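Descriptive structure summary
Residues per chain are reported as follows:
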Amino acid sequence: MEEEFSKYDPAEYLTSEAEINAYLKEAIEIGDLELISVVLNDIEKIRKSNSHHP
């Protein structure tokens, strides 16, 4: 039986600047450039989403 996973969207869980900064810091500490790129894209998505909600 194949496992099914739902897509994880960090934008749904990272709600404060401290959480966003910790997310980026962890990616930088891991040092994987692909992961850092994904994290930066996630942060951009979060910022765009937050700019529509005053």
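This section reports on the structure supplied with the text. (Residues numbered from 1 in each chain as written. Predicted model: local features only at pLDDT ≥ 70, side-chain atom pairs only at ≥ 80, totals over all residues. Heavy atoms only, no water.)

1. Comments concerning the nonpolar core
To keep it simple, the criterion reads: The definition of a nonpolar core used throughout is a set of buried Ala, Val, Leu, Ile, Met, Phe, Trp, Tyr and Cys residues joined through side-chain atoms within 4.5 Å. Remark: exposure states derive from per-residue accessible area (1.4 Å probe, protein chains only) relative to the maximum for the residue type, with buried under 20%, exposed over 50%, and partly exposed in between. Secondary structure elements are defined from DSSP: runs of H or I of at least 4 residues count as helices, runs of E of at least 2 residues count as strands, and each element is numbered from the N terminus. In what follows, a contact means two residues having at least one pair of non-hydrogen atoms within 4.5 Å.
Residues Leu14, Ile20, Ala27, Ile36, Val39, Ile43 and Ile46 constitute the largest nonpolar core, which totals seven residues. Going through the elements one at a time, helix H1 (17-30) and helix H2 (33-51) are the ones with two or more residues in this core. If near-sequence neighbours (up to four positions away) are discounted, Ala27 is found in contact with Asp32, Leu35, Ile36 and Val39.

2. Some details on H1
This is how it is decided: Expected span of a helix: the number of residues minus one, times 1.5 Å.
The first and last C-alpha atoms of H1 sit 20 Å apart over 14 residues, in line with the 20 Å expected at 1.5 Å per residue. Just past H1, the residue Gly31 takes up positive phi, approximately 85 degrees.

3. Things to note about the packing of H1 against H2
Keep this limit in mind: Helix axes are fitted only over the stretch in contact, all axes being lines through C-alpha atoms; the angle between N-to-C directions runs from 0 to 180 degrees. For this classification, under 35 degrees means roughly parallel, over 145 means roughly antiparallel, 65 to 115 means roughly perpendicular, and everything else is oblique. For a crossing to be left-handed, the near helix must be turned anticlockwise from the far one by less than a right angle; the clockwise case is right-handed. Here the term charged refers only to Asp, Glu, Lys and Arg, the term nonpolar to Ala, Val, Leu, Ile, Met, Phe, Trp, Tyr, Cys and Pro, and the term polar to all other amino acids, Gly among them.
At a closest axis distance of 9 Å, the pairing of H1 and H2 adopts a crossing angle of 165 degrees. With respect to each other, H1 and H2 are oriented roughly antiparallel. Considering the relative orientation of H1 and H2, their crossing is left-handed. Listed contacts from H2 to Glu17, Ile20, Tyr23, Leu24, Ala27, Ile28 and Ile30 of H1 are Leu35, Ile36, Val39, Leu40, Asp42, Ile43, Ile46 and Arg47. When grouped by side-chain class, the residues that make up the contact of H1 with H2 number 12 nonpolar, no polar and three charged.

4. Quick look at the pattern of salt bridges
The condition is simple: Any carboxyl oxygen of Asp or Glu that lies within 4 Å of a side-chain nitrogen of Lys or Arg is treated as forming a salt bridge with it.
Applying the stated rule across the entire model yields four salt bridges. Of the charged contacts, one joins Glu17 and Arg47 as a salt bridge, the two residues approaching to 2.8 Å between their closest N and O atoms. Highlighted residues: Glu17 in helix H1 and Arg47 in helix H2, separated in sequence by 30 residues. Salt-bridge contacts for Glu44 lead to Lys48; the nearest nitrogen and oxygen are separated by 3.6 Å. With Glu44 and Lys48 both in helix H2 and four residues apart, the pair spans about one turn of that helix.

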